[in-house]
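Structural overview
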Amino acid sequence: EVKLSWGTCCIGQVKRACPNPCFYVLAVPVLFKQALENTATEEGKSVSLHCELTKTDATVVWKKGEATLQASAKYEMKQKGTVAELVIHNAELEDA
């Protein structure tokens, strides 16, 4: 909780004198509006995974286990507004 008054900053129970008015902005976290759903495809086909977030153009990192996926001929990452999409081309059993 942040309270502002001229020349004083209050964060919780801590007050500090400020030579100039202080202003703090607490970031609103990005949340899932629509999480990923299980998807099936045939070997060799492309599959698309979608999720919807609460913030427009939020940074999205796609992972498989602990490995961060990078855009390549295999993985295509798209994002428009609050919707992020991962397209996996030429799906293999190892992609599951």
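For the structure itself, look to the data block above.
Residues numbered from 1 in each chain as written. Predicted model: local features only at pLDDT ≥ 70, side-chain atom pairs only at ≥ 80, totals over all residues. Heavy atoms only, no water.

Enumeration over the complete set of coordinates arrives at four salt bridges. One salt bridge in this structure joins Lys-33 and Glu-52, with 3.7 Å as the shortest N-O distance. In this pair, Lys-33 sits in strand S4 (residues 32-34) while Glu-52 sits in strand S5 (residues 47-53), placing the two residues 19 residues apart along the sequence. Judged by its relative accessible area of 56%, Lys-33 is exposed. A salt bridge links Lys-78 to Glu-76, with the nearest nitrogen and oxygen atoms 3.8 Å apart. (Salt bridge = Lys/Arg side-chain N within 4 Å of Asp/Glu carboxyl O. Helix = DSSP H or I, 4+ residues; strand = E, 2+ residues; numbered from the N terminus. Buried < 20%, exposed > 50% of the residue type's maximum accessible area, 1.4 Å probe, protein only.)

Time to look at the pairing of strand S8 (residues 75-80). Relative to strand S9 (residues 83-88), S8 runs antiparallel, the two sharing six bridges. In the strand pairing of S9, Tyr-75 is matched with Ile-88. Hairpin connection between S8 and S9: a loop of two residues separates the two successive antiparallel strands, and Gly-81 in this loop has a positive phi of roughly 60°. (Pairing = 2+ DSSP bridges.)

Here we come to the environment of Ile-88. Inspection of the secondary structure puts Ile-88 in strand S9. For Ile-88, a relative accessible area of 8% puts it in the buried group. Distance in space between the C-alpha atoms of Ile-88 and Gly-44 is 9.9 Å, their sequence separation being 44 residues. Not counting the four nearest positions on each side in its chain, Ile-88 is found in contact with Lys-45, Ser-46, Val-47, Leu-49, Lys-74, Tyr-75 and Asp-95. (Contact = heavy atoms within 4.5 Å.)

Everything listed here is a matter of coordinates, which is why it stays silent on function.
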